[in-house]
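The primary structure of each chain is shown beneath.
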Amino acid sequence: MDKRITLKEAVDMIKDGSVIMVGGFLACGTPDKLIDALVSKGVKDLTLICNDTGTPERGVGKLVVTKQFKTIYATHIGTNKETGRQMMAGETEVHLVPQGTLAEQIRAAGYGLGGFLTATGVGTEVEKGKQVLEVDGKTYLLEKPMKADFALVYADVADTKGNLVYRGSTRNFNPMMAAAADVTIVEARKVVPVGEIDANDVVVPGAFVNYIVEEGA
Amino acid sequence: MMDKQQTQEFIAKRVAQELKDGNVVNLGIGLPTLVANFIPADKSVDFQSENGFIGLGSVPAEGKEDMNIVNAGGSCVTILPGGVFFDSATSFGIIRGGHVDVTVLGALQVAENGDIANYMIPGKMVPGMGGAMDLLSGAKKVIVAMEHTAKGNPKLLKKCNLPLTAVKAVDMIITEMGVIEVTPEGFTLVERNPEYTVEQIQEATEATLHVAPNLKEMVV
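Below: a short report on this structure.

What counts as what
Residues numbered from 1 in each chain as written. Chains lettered and ligands numbered in written order. Predicted model: local features only at pLDDT ≥ 70, side-chain atom pairs only at ≥ 80, totals over all residues. Helix = DSSP H or I, 4+ residues; strand = E, 2+ residues; numbered from the N terminus. Rg over C-alpha atoms; globule rule 2.2 N^0.38 Å. Buried ≥ 20, exposed ≤ 12 C-beta atoms within 10 Å, placed from the backbone. Contact = placed C-beta atoms within 7 Å. Nonpolar A, V, L, I, M, F, W, Y, C, P; charged D, E, K, R; others polar. Pairing = 2+ DSSP bridges. Axes fitted to C-alpha atoms, helices over the stretch in contact; angles between N-to-C directions. Parallel < 35°, antiparallel > 145°, perpendicular 65-115°, else oblique. Left-handed = near helix turned anticlockwise from the far one by under 90°.

1. Concerning the overall build of chain B
Then step 1. Within chain B, the regular secondary structure consists of 4 helices and 15 strands.
Then step 2. For chain B, the C-alpha radius of gyration of 17 Å lies close to 17 Å, the compact-globule estimate for 220 residues.
Then step 3. Structurally, chain B occupies a C-alpha span of about 50 × 40 × 30 Å along its principal axes.
Then step 4. Looking at chain B as a whole, 46% of its 220 residues are labelled buried.
Then step 5. The long-range fraction of contacts in chain B, counting pairs at least 24 apart against all pairs at least 6 apart in sequence, stands at 63%.

Here is the structure:
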């Protein structure tokens, strides 16, 4: 099955109020074409799950500037002053999450786990409202899985079945997010026929992927 | 007196001495990043970048940048031979799982029991914790590299009053004044920059400074 769709078909699926998770770390490994199309479409009241909010000019930061998020879950917002301003002004609900915890919450959702125990955040504000458990004398927080309606992920090369290959540090949150949403849309720099990617080199199995948008197409 | 840049380089050089051959090390943004410039040629240290690789190399020459290889601050860097790329779940498995030997971070405040605050000033600066909470809870050794005071105000306190990044996490603090270890007794001064007396260092420190019996001179 060829999973390719057009950019328009991809963003048509995303409605006001959708929960989206977007790959990338300071916009490196972010599906830029999908972000630009969401800016053009003007969908509102989205919930974002992303490592950071990029910059006002790059990555998901563009959608912050256009005020398309109602709620944001991120580990770091310091590179986009507009996110901080909206948070302080009470315009956008921002939840700050430790980076390893966010990565694992997404992984847990995609991998069928009910949550996990981590020592990260014990004794800090992150602990508030969470179950604290002691296991073999060590204190942990119970962190729950985090899933989304849509995962918008980037890949360097995809085959038409959605098997994905990465380059450099673009991988970051993309592989876990691909598994953790009802619908996963990949933006690939290049799409190749099945068989062109060596099965040994695949980072994300196509089983996690629903649709592919080719960057140049 | 050292100027700001000299002070930062002095601290970074002393931190570099703490790193051992074969260590996997994560450097925070700002002053800690400078540490990479002072690793002696006879030591091999692997730098971990929490956005997804080990083998962080230097900044590429102009025109040679690869936009697919950036550090945790978003700047273009390089990867060294023997390096490896991975996803964020693996990256934090490496961090939480105790596979990072040393993490070097800055701080706003450190308390004598090892508590650290370095990610927010309520109502003023709320950038988020990024990977700092995981690094503090998972790395085998935590070194705080920072200037001893902030505009003359002590940062080494009896108790932090800013929101904590981690509880009882800091092992060592390296400043332009000296090297301080966090011990069951509290802060212990183990090395002193000869430019300062013990009294001057105590004056710049809110908590009681215990002086190690074998107090050494800080040499970089």
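2. Some words on the interface of chain A and chain B
Then step 1. Opposite the 36 residues of chain A that make contact, chain B presents 31 residues.
Then step 2. Only helix H4 (81-88), helix H5 (99-110) and helix H6 (174-179) of chain A provide two or more residues apiece to the side of chain A that touches chain B.
Then step 3. No other element matches the 5 residues that H5(A) contributes to the side of chain A that touches chain B.
Then step 4. When grouped by side-chain class, the residues that make up the side of chain A that touches chain B number 15 nonpolar, 16 polar and 5 charged.

3. Here we look at unusual backbone geometry
Residues and elements named next belong to chain A.
Then step 1. One non-glycine residue, Leu26, lies in positive phi territory at about 50°.
Then step 2. Position of Leu26 among the secondary structure elements: in the loop between strand S1 (19-22) and helix H2 (32-41).
Then step 3. Its identity as a non-glycine residue notwithstanding, Asp136 has a phi of 50°, on the positive side.
Then step 4. Among the structural elements, Asp136 can be located in the loop between strand S6 (132-135) and strand S7 (138-143).

4. A closer look at the sheet that holds S6(A)
All names here are of chain A.
Then step 1. Across the sheet, which stays open at both edges, the 3 strands sit in the order S5-S7-S6 with antiparallel pairing between neighbours. Edge positions in the sheet fall to strand S5 (116-118) and S6, since each of these pairs with one other strand and no more. Strand-to-strand twist across the sheet, computed as the mean angle between neighbouring axes with direction ignored, equals 45°.
Then step 2. Two strands pair when backbone bridges link them, and S6 and S7 are joined in this way by 4 bridges, in the antiparallel orientation. Its bridge partner lying in S7, Val132 is registered against Leu141.
Then step 3. Contacts from H5 reach S5 and S7, with the element oriented near 170° to S5.

5. Points about the packing of H5(A) against helix H2 (residues 88-96) of chain B
Then step 1. At a minimum axis separation of 9 Å, H5(A) and H2(B) run at an interaxial angle of 130°. On the basis of the axis angle, H5(A) is oblique to H2(B). Taken as a pair, H5(A) and H2(B) cross one another with a handedness that is left-handed. Counted together, A:Gln99, A:Gly100, A:Ala103, A:Glu104 and A:Arg107 of H5(A) and B:Ser88, B:Ala89, B:Phe92, B:Ile95 and B:Arg96 of H2(B) form the full contact between these two elements.
Then step 2. Residues belonging to the contact of H5(A) with H2(B) are distributed by class as follows: 4 nonpolar, 3 polar and 3 charged.

6. Side note on the pairing of strand S14 (residues 186-192) of chain B
Look at any regular strand and the pattern is simple: side chains alternate between the two faces of the sheet.
Residue and element names in this part refer to chain B.
Then step 1. Summarising the sheet, strand S13 (residues 178-183) and S14 pair through 6 bridges and their orientation is antiparallel. The residue bridging Ile180 from the neighbouring strand is Leu189, located in S14.
Then step 2. The turn linking S13 back onto S14 is made up of 2 residues.
Then step 3. Bridging between S14 and strand S15 (residues 209-217) involves 5 bridges; their strand directions are parallel. Across the sheet, residue Thr188 finds its bridge partner in S15, namely His210.

7. What about H2(B)?
Then step 1. Extensive coverage of H2(B) is indicated by the burial of 7 of its 9 residues.
Then step 2. Immediately beyond the C-terminal end of H2(B), within one or two residues, lies B:Gly98, with a positive phi of roughly 80°.

8. As for the sheet that holds strand S7 (residues 116-117) of chain B
Then step 1. Taken in spatial order, the 3 strands of this open sheet run S7-S6-S11 (chain B), and their pairing is mixed. Two strands lie at the open edges of the sheet, namely S7 and strand S11 (156-157) of chain B, each paired on one side alone.

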